[in-house]
Amino acid sequence: MLQMKNVSKVYRTDTVETHALREFSLTVEEGEFVSVTGPSGSGKTTFLNIAGLLEELTGGSYELDGRDISKLNDKERSRVRNEKIGFIFQSFNLIPELNIFDNVDVPLRYRRFDAAERKKRIVDSLEMVGLASRLQHMPAQLSGGQQQRVAIARALAGEPRFLLADEPTGNLDSNMADSVMQLLADINSTGTTIIMVTHELTLADRARRNIFVRDGRVSDSAGNLQLAAAS
């Protein structure tokens with residue numbers, strides 16, 4: 001479903017050239033739950049931004065459902081991102097002035113679903129995360145774990161091809177983190193592909209496959225460099 005081959009990402013200024021990814025190769029099959037771990041500065045966030053079409057790669061190729069993403073223009077990238085990728089952020093990114101129903105509704109409006117279709121998707125996704133009774137609550141009326149569940153519902157409502165989770169439990173205590181991880185596992189069990197970036201190895205172990213990143217490359221857990229076979 002997702003295939004990166006020899007991806008590089010270089011950030012340049014007038015005096016400095018920083019290689020965030022180097023010959024980064026990874027294949028994720030449909031239905032997988034993959035965690036991506038590594039030390040600070042290893043390239044995890046850059047990988048996530050490229051996978052989510054938030055940044056362009058410098059070299060190599062990135063295919064999603066057999067389509068070469070690197071060749072798309074900005075408008076086409078935005079369309080693919082909106083239709084195929086669901087984002088779950090550490091900071092929830094809920095709009096405090098909107099109730100839970102309207103927060104989940106925001107990305108659906110961009111896709112121009114009619115009101116009936118949007119309502120069905122919103123209610124179904126909030127029911128999936130156990131918050132169907134909180135439609136009219138404001139974010140400030142919910143716990144951190146509940147707010148993250150709303151963020152997950154918002155990502156699910158668009159029926160994406162895969163979820164990108166960036167430190168999804170980073171702002172939660174251990175009990176709430178465990179609850180969110182169980183929810184992600186349950187969602188994955190229904191067939192949704194999940195790619196999760198985390199620095200918590202105990203959480204990474206709950207995924208079905210763990211990718212370790214060091215110095216912008218895919219490595220094994222011992223840190224010995226090995227390029228992931230992408231064929």
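Cut-offs and rules
- Residues numbered from 1 in each chain as written.
- Predicted model: local features only at pLDDT ≥ 70, side-chain atom pairs only at ≥ 80, totals over all residues.
- Heavy atoms only, no water.
- Helix = DSSP H or I, 4+ residues; strand = E, 2+ residues; numbered from the N terminus.
- Contact = heavy atoms within 4.5 Å.
- Areas by Shrake-Rupley, 256 points an atom, 1.4 Å probe, with all protein chains shown as cover.
- Core = buried A, V, L, I, M, F, W, Y, C linked by side-chain atoms within 4.5 Å.
- Buried < 20%, exposed > 50% of the residue type's maximum accessible area, 1.4 Å probe, protein only.
- Pairing = 2+ DSSP bridges.
- Axes fitted to C-alpha atoms, helices over the stretch in contact; angles between N-to-C directions.
- Phe/Tyr/Trp six-rings, centres within 6.5 Å; stacked < 30°, edge-to-face > 60°.
- Salt bridge = Lys/Arg side-chain N within 4 Å of Asp/Glu carboxyl O.
- Parallel < 35°, antiparallel > 145°, perpendicular 65-115°, else oblique.
- Left-handed = near helix turned anticlockwise from the far one by under 90°.
- Nonpolar A, V, L, I, M, F, W, Y, C, P; charged D, E, K, R; others polar.

Student: Which parts of the structure should I look at to understand the overall build of the chain?
Tutor: When you go through the chain residue by residue, the secondary structure sums to 7 helices and 10 strands. Taking the principal axes of the C-alpha coordinates as reference, the chain spans close to 50 × 40 × 35 Å. Across the chain, every contact between residues at least 6 apart in sequence was considered, and the portion connecting residues at least 24 apart equals 70%. Surface exposure of the chain reaches about 11300 Å², of which carbon and sulfur atoms provide 45%.

Student: What is the right way to read the nonpolar core from this model?
Tutor: Side chains of nonpolar character tend, in soluble globular proteins, to be buried together. By size, the foremost hydrophobic cluster in this structure holds 33 residues, and its most contacted members are Leu126, Val129, Ile152 and Leu184. Counting 30 residues, the second-largest nonpolar core is a separate cluster that includes Val7, Leu53, Tyr62 and Val197.

Student: Got a minute to help me understand the sheet that holds strand 8 (residues 193–197) in this structure?
Tutor: Sheet strands pair via backbone hydrogen bonds, and the direction of the pair is either parallel or antiparallel. Spatially, 6-7-8-3-9-10 is the arrangement adopted by the 6 strands of the open sheet, whose pairing is mixed. In this open sheet, the two edge strands, each paired with only one partner strand, are strand 6 (85–88) and strand 10 (217–219). Neighbouring strand axes in the sheet, compared pairwise and without regard to direction, differ in orientation by 25 degrees on average. This element, helix 2 (residues 74–84), spans strand 6 and strand 7 (162–166) of the sheet and lies at about 70 degrees to strand 6. Each of strand 6 and strand 7 touches helix 5 (residues 144–157); the most contacted strand, strand 6, lies at about 170 degrees to it.

Student: What am I meant to see in the environment of Ala204 here?
Tutor: Tracing the backbone shows Ala204 in helix 7 (residues 201–204). With 168 residues separating them along the chain, Ala204 and Val36 place their C-alpha atoms 7.4 Å apart. Apart from the residues within four sequence positions on either side, Ala204 is in contact with Ser35, Thr37, Met196, Thr198 and Asn210.

Student: When you look at unusual backbone geometry in this model, what are you seeing that I'm missing?
Tutor: With the exception of glycine, most residues fall at negative phi, and the peptide bonds are largely trans. Of note, the phi angle at Asp65 is positive, near 55 degrees, even though the residue is not glycine. Mapped onto the elements, Asp65 comes out in the loop between strand 4 (59–64) and strand 5 (67–68). By relative accessible area, which is 33% here, Asp65 ends up partly exposed. In the Ramachandran plot, Phe92 falls in the positive-phi region, its phi being about 70 degrees despite a non-glycine side chain. Secondary-structure assignment places Phe92 in the loop between strand 6 and helix 3 (100–110).

Student: Please explain the packing of aromatic side chains as it appears in this structure.
Tutor: Using the criterion set out here, one finds 2 aromatic pairs in the structure. Centre to centre, the rings of Phe24 and Phe47 are 5.2 Å apart; their planes meet at 25 degrees, and the pair counts as stacked. Taken together, the positions of Phe24 in strand 2 (residues 17–28) and Phe47 in helix 1 (residues 44–51) put the pair 23 residues apart, joining distant regions of the chain. Phe47 carries the same exposure label as Phe24, and that label is buried. Look at Phe87 and Phe89: their rings are 5.8 Å apart centre to centre, the planes differ by 5 degrees, and that puts the pair in the stacked class. A residue is classified by how much of its surface remains accessible, and Phe89, at 25% relative accessible area, is partly exposed.

Student: Got a minute to help me understand the pattern of salt bridges in this structure?
Tutor: A side chain with one charge can pair with a side chain of the opposite charge if their charged atoms come near. In total, this model carries 13 salt bridges according to the counting rule given. The salt bridge involving Glu159 is made with Arg121; its shortest N-O contact spans 3.7 Å. Taken together, the residues Glu159 in the loop between helix 5 and strand 7 and Arg121 in helix 4 (residues 115–128) connect sequence positions 38 residues apart. By relative accessible area, which is 57% here, Glu159 ends up exposed. Across the pair Asp178 and Arg206 runs a salt bridge, and its minimum N-O distance is 2.6 Å.

Student: Would you explain the packing of helix 3 against helix 4 in this entry?
Tutor: Packed helix pairs are characterised by how far apart their axes lie and by the angle those axes make with each other. The geometry of helix 3 relative to helix 4 is characterised by a closest axis approach of 10 Å and an angle of 125 degrees between their N-to-C directions. By the angle between their axes, helix 3 is oblique relative to helix 4. Helix-helix and strand crossings are classified by hand; for helix 3 and helix 4 the assignment is right-handed. Facing Ile100, Phe101, Val104, Asp105, Leu108 and Arg109 of helix 3, the residues of helix 4 in contact are Arg118, Lys119, Arg121, Ile122, Ser125 and Leu126. Split into classes, the residues belonging to the contact of helix 3 with helix 4 amount to 6 nonpolar, 1 polar and 5 charged.

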